[in-house]
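If you want the building blocks of each chain, they are given just below.
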Amino acid sequence: MTTIPRLPPLPGIRDMVKLYKVSAMKQLSQNFILNEKLTDKIVKKAGNLTGAEVLEVGPGPGGLTRSIIRQCPEKLIVIEKDRRFKPILQMLSDAYSTVNGKMDIIYGDIMRTNLTPLFSESFKKSWEDKMPRIFIIGNLPFNVSTPLIIQWLHSISERNGPWEFGRSRMTLTFQKEVAERLVAEPLDDQRCRLSVMAQAWTKPVLHFIIQGSAFVPKPDVDVGVVSFIPLANPRTKHEFKIFERVTRHIFSFRQKYSVRGIETLFPPECRKECGHMMYKLTDLNPQTRPMELSVEDIDKLVSAYKYLIEKHPEIGVYEYRASRKILKLSDTIKIDVAECSTL
């Protein structure tokens, strides 16, 4: 059993924030967790970090960082955009090094950082094998959480970045509403594009809700802690971009029949016919509401859409919201349903 390292005495998190005068910046959507019992609780949900490699996103004043260090990872990498935290993070790195711990600090934008070189080949596992001892943890700024998880889901689908090493796990914070959407199942009012995208490639789990009052400064919303376990067998075989495109169109009219969103994939000249043809090909009801569709239902619709654009490439370039004129289709597109028996 690994013993908890005895770090040299350090000022408390609140004291360090006051010492270095690093108040949260509104433009960076910063909200700090200064309660170490709470940061310990978050880190515990990430799993057993002992001897692992851990990436922390946005450590800020180092609340989560301290809790991670106490779990004795073999290596901790932190990526922080705000250089005001440099003296605090360096102090934590120096303290961890006294107990033979390794902490690398990278100052940069997580959205633009190449994560692949950060992890060791010795931790690599095959996708079908058990999960590697690689963990991603972060108290994410609200303004980056949704675009970042979409970017990482894309990486998971292509098995690059941290997912070149296998099914690396993530434990991240989101606004309560976003957290609930990520885990929303069919028929749930919160079901949306984000739900489908997350559940197509991972198993998202909402562990608990943190009251906004636990953060400094206090945000207007509560926060959810969500873990993501990449699926050994994703629920779709389609490329991320086309799956996301179809899903986005389906949920563009959340309160209407799902066929209404599907129709916007096509130019006006053939919109109705192509939209209903996709439902004939998949044997789905066009009057199904978007939140009723499962990942597998949407997977079938993507297959039908790919079939149509393979037969008629000109409709594949159509963009519903594009300002420029798209090639007008003068002929009604005729499709023989019998040809589509392989879908």
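Because the structure is predicted, anything quoted here is derived from the model rather than measured. (Residues numbered from 1 in each chain as written. Predicted model: local features only at pLDDT ≥ 70, side-chain atom pairs only at ≥ 80, totals over all residues. Heavy atoms only, no water.)

S.K.: Just checking my understanding: could you explain helix 4 (residues 86–97) for this structure?
M.R.: It helps to recall that an α-helix has 3.6 residues per turn; residues three or four apart then point in one direction. In a regular helix each residue adds 1.5 Å, so twelve residues correspond to 16 Å; helix 4 covers 16 Å between its end C-alpha atoms and thus fits that length. Taken together, the buried positions of helix 4 are occupied by Ile-88, Leu-89, Leu-92, Ser-93, Ala-95 and Tyr-96. The buried residues of helix 4 occupy an angular sector of 165° when the element is viewed end-on, so they sit on one face. (Helix = DSSP H or I, 4+ residues; strand = E, 2+ residues; numbered from the N terminus. Expected span 1.5 Å × (residues − 1). Buried < 20%, exposed > 50% of the residue type's maximum accessible area, 1.4 Å probe, protein only. Arc of directions from axis to C-beta.)

S.K.: Sorry, what's going on with the sheet that holds strand 6 (residues 169–175) here?
M.R.: For sheets, the rule is that strands pair by backbone hydrogen bonds, running either parallel or antiparallel. If you walk across this open sheet you meet the seven strands as 4-3-2-5-6-9-7, and the pairing is mixed. On the outer flanks of this sheet lie strand 4 (102–107) and strand 7 (202–210), each paired with one strand and no other. On average, each strand axis in the sheet is inclined to that of its neighbour by 20°, with strand direction left out of account. With eight bridges joining them, strand 7 and strand 9 (residues 223–230) adopt antiparallel strand pairing. Bridge assignment links Ile-210 to a residue of strand 9, and that residue is Val-223. Against the sheet, helix 4 makes contact with strand 3 (75–80) and strand 4, and its axis sits at roughly 160° relative to strand 4, the strand it touches most. Strands strand 7 and strand 9 of the sheet are contacted by helix 7 (residues 193–201), whose axis makes an angle of about 120° with strand 7. (Pairing = 2+ DSSP bridges. Axes fitted to C-alpha atoms, helices over the stretch in contact; angles between N-to-C directions. Contact = heavy atoms within 4.5 Å.)

S.K.: How should the packing of helix 8 (residues 240–250) against helix 11 (residues 295–311) be read in this particular structure?
M.R.: It is at 9 Å that the axes of helix 8 and helix 11 come closest, and there the two elements cross at 110°. Relative to helix 11, helix 8 is oriented roughly perpendicular. Residues Ile-242, Phe-243, Arg-245, Val-246, Thr-247 and Ile-250 of helix 8 form the contact with helix 11, whose participating residues are Val-295, Ile-298, Asp-299, Leu-301, Val-302, Tyr-305, Lys-306 and Ile-309. Its residues assigned to classes, the contact of helix 8 with helix 11 shows ten nonpolar, one polar and three charged. (Parallel < 35°, antiparallel > 145°, perpendicular 65-115°, else oblique. Nonpolar A, V, L, I, M, F, W, Y, C, P; charged D, E, K, R; others polar.)

S.K.: Teacher, can you tell me more about the UniProt feature "binding site: S-adenosyl-L-methionine" (unreviewed entry) in the chain here?
M.R.: Within this structure's numbering, the places UniProt gives as "binding site: S-adenosyl-L-methionine" (unreviewed entry) are Asn-31, Ile-33, Gly-58, Glu-80, Asp-109 and Asn-139. With respect to the helices and strands, Asn-31 occurs in the loop between helix 1 (13–19) and strand 1 (32–33). Discounting residues that sit within four places of it in the chain, Asn-31 has contacts with Asn-139, Phe-142, Phe-215, Val-216, Pro-217, Lys-218 and Pro-219. Tracing the backbone through its elements, the reader meets Asp-109 in the loop between strand 4 and strand 5 (134–138). In this structure the side chain of Asp-109 is engaged in a polar contact, spanning 2.9 Å, whose partner is the backbone nitrogen of Met-111. (UniProt positions renumbered as here; feature names shortened; annotations may be inferred. Polar contact = N/O pair within 3.5 Å; in protein donor to acceptor, adjacent residues only side chain to side chain.)

S.K.: So what exactly am I meant to see when it comes to the packing of aromatic side chains here?
M.R.: What describes a pair of aromatic rings is the distance from one ring centre to the other and the angle between the planes of the rings. All chains considered together, the criterion is met by seven aromatic pairs. Ring centres of Phe-174 and Phe-228 lie 6.0 Å apart, and the angle between their planes is 70°; this geometry places the pair in the edge-to-face category. Separated by 54 residues along the polypeptide, Phe-174 in strand 6 and Phe-228 in strand 9 bring together distant segments of the chain. For Phe-174, a relative accessible area of 0% gives the class buried. Residue classification places Phe-228 among the buried positions, given a relative accessible area of 1%. Look at Trp-201 and Phe-243: their rings are 5.4 Å apart centre to centre, the planes differ by 75°, and that puts the pair in the edge-to-face class. In this pair, Trp-201 is assigned in helix 7 and Phe-243 in helix 8, connecting sequence segments 42 residues apart. Side by side, Trp-201 and Phe-243 carry an identical accessibility label, which is buried. (Phe/Tyr/Trp six-rings, centres within 6.5 Å; stacked < 30°, edge-to-face > 60°.)

S.K.: Got a minute to help me understand the nonpolar core in this structure?
M.R.: One recurring pattern in soluble globular proteins is that nonpolar side chains are buried together. In this structure, Trp-152, Phe-174 and Phe-266 are the most contacted members of the largest nonpolar core, which totals 65 residues. Among the elements that line this core, the one with the most residues is helix 11, at nine residues. Looking at this core, you find at least three residues from each of domain 1 (13–230) and domain 2 (240–324). The contacts of Trp-152, once residues within four sequence positions are left out, are Val-57, Ile-110, Leu-115, Ile-136, Trp-163, Met-170 and Leu-172. Leu-38, Phe-85, Tyr-96 and Ile-210 belong to the second-largest nonpolar core, a separate cluster that totals 29 residues. (Core = buried A, V, L, I, M, F, W, Y, C linked by side-chain atoms within 4.5 Å. Domains from an automatic or database assignment.)

S.K.: Which parts of the structure should I look at to understand the environment of Val-225?
M.R.: In this fold, Val-225 is placed in strand 9. The exposure class assigned to Val-225 is buried, which follows from its relative accessible area of 0%. The spacing of Val-225 and Lys-176 is 49 residues in sequence and 8.5 Å in space, taken between C-alpha atoms. Ignoring any residue separated from it by four or fewer positions in sequence, one finds Val-225 in contact with Ile-42, Thr-171, Leu-172, Thr-173, Val-205, Leu-206, His-207, Phe-208 and Ile-210.

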